[in-house]
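# Geometric and topological summary
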Amino acid sequence: MIAMQYSFTLPADYDMEIIDRRIRDKGPAMNGFPQLGFKAFLSARRGEYGSRENLYAPFYLWDQPEGASSFICGPGFAALSDTFGRPRIRHWIVWHAHVSPDLAGARFAHSEHLAIEPHASLSDLRQQEVDLAKQATRDRHALACVVAFDPYDWATVRFGLHAEAPPASSTNQIYRVGHLSRG
């Protein structure tokens, strides 16, 4: 499994209804995409849930890397790049992913990116992160919980999908889920 996300920062006065409409119109085209675990079509509005920017930032969980490659090389991604420019795509090796059968009820998402301390035991860190993800699934009623690792920038990402807005903090980004596609 791999996870990936790209993000477009939009002007402070951008009409986010344009993004909402884009998600409504284009989101269903990803339903049934081969090797896709899920795609969460995400947006954030400046000043809402602690967000400092207007964002369009889809998050993907892929069952196989070939699915990500097919998407990136396909017409949907070409259309996105024509509209917004070619984004830098962050991608991670998944350490743990839990996806609830009730995933369709997701209305909010959060992501948190954390630097890995130099000389930290990766084995210990992975176990801690997996344990935290499992606990978050039980305690916070997360509909999906993904923890992943970037060995280039030495960072972890924690991502969750929720029916209710999770608490905002200085270390996480809260998004609205406009559409959710499953493979």
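For the structure, check the block above.
One structure accompanies this document, and this report is about it. (Residues numbered from 1 in each chain as written. Predicted model: local features only at pLDDT ≥ 70, side-chain atom pairs only at ≥ 80, totals over all residues. Heavy atoms only, no water.)

### Describing the pattern of salt bridges
Heads up, the rule is: A carboxyl oxygen of Asp or Glu within 4 Å of a side-chain nitrogen of Lys or Arg is what we treat as a salt bridge. The numbering of helices and of strands both runs from the N terminus, where a helix is a DSSP run of H or I of at least 4 residues and a strand a run of E of at least 2.
Inspection of the entire model under this criterion finds five salt bridges. With its nearest N and O atoms 2.6 Å apart, the salt bridge here joins Arg 176 to Glu 48. Of the two residues, Arg 176 is situated in strand β10 (residues 172-182) and Glu 48 in the loop between β3 (36-44) and β4 (54-56); the sequence distance between them amounts to 128 residues. If you follow the salt bridges from partner to partner, you end up with Glu 112, Glu 129 and Arg 158 in one network.

### Quick look at the pairing of strand β9 (residues 155-162)
What counts, and what does not: The buried label goes to any residue with under 20% of its type's maximum accessible area, the exposed label to any with over 50%, and the partly exposed label to all in between, with areas taken from a 1.4 Å probe on protein chains only. Paired strands, in this sense, are two strands between which DSSP finds at least two bridges.
In terms of burial, β9 is a largely internal element, seven of the eight residues being buried. Pairing between strand β8 (residues 144-150) and β9: seven bridges, direction antiparallel. Considered in β9, the bridge of Phe 149 is made with Thr 156. Adjacent in sequence and paired antiparallel, β8 and β9 are bridged by four residues, among which Trp 154 carries a positive phi angle near 50°.

### Here's the deal with the packing of aromatic side chains
Spelled out, the test is: Between rings of Phe, Tyr and Trp, where Trp is taken as its six-membered ring, a pair exists when centres lie within 6.5 Å; planes separated by under 30 degrees are stacked, by over 60 edge-to-face, and by other angles tilted.
The tally for this structure, following the rule as stated, stands at 19 aromatic pairs. Relative to Trp 62, the ring of Tyr 60 has its centre 5.6 Å away and its plane inclined at 10°; by these criteria the two rings are stacked. Judged by its relative accessible area of 0%, Tyr 60 is buried. An angle of 35° between the planes, with centres 6.2 Å apart, marks the rings of Trp 62 and Phe 71 as tilted. Like Trp 62, the residue Phe 71 is buried in the burial classification. Among the aromatic residues, ring-to-ring pairing joins Tyr 6, Phe 8, Phe 33, Tyr 56, Tyr 60, Trp 62, Phe 71, Phe 77 and Phe 84 into one connected group.

### A closer look at the environment of Asn 172
Our working definition: Any pair of residues with heavy atoms lying within 4.5 Å of one another is described as a contacting pair. Pairs of N or O atoms within 3.5 Å make up the polar contacts considered here, provided that, within protein, one atom can donate a hydrogen while the other can accept it, and that residues adjacent in sequence are counted only when both atoms are side-chain atoms.
By secondary structure assignment, the location of Asn 172 is in strand β10. Between the C-alpha atoms of Asn 172 and Arg 158, which are 14 residues apart in sequence, the distance is 9.0 Å. Asn 172 has contacts with His 110, Ser 111, Glu 112 and Pro 167, leaving out every residue within four places of it along the chain. Only 3.2 Å separates the side chain of Asn 172 from the backbone oxygen of Pro 167, close enough to count as a polar contact. A polar contact of 2.9 Å, which involves the side chain of Asn 172, links it to the backbone nitrogen of Ser 169.

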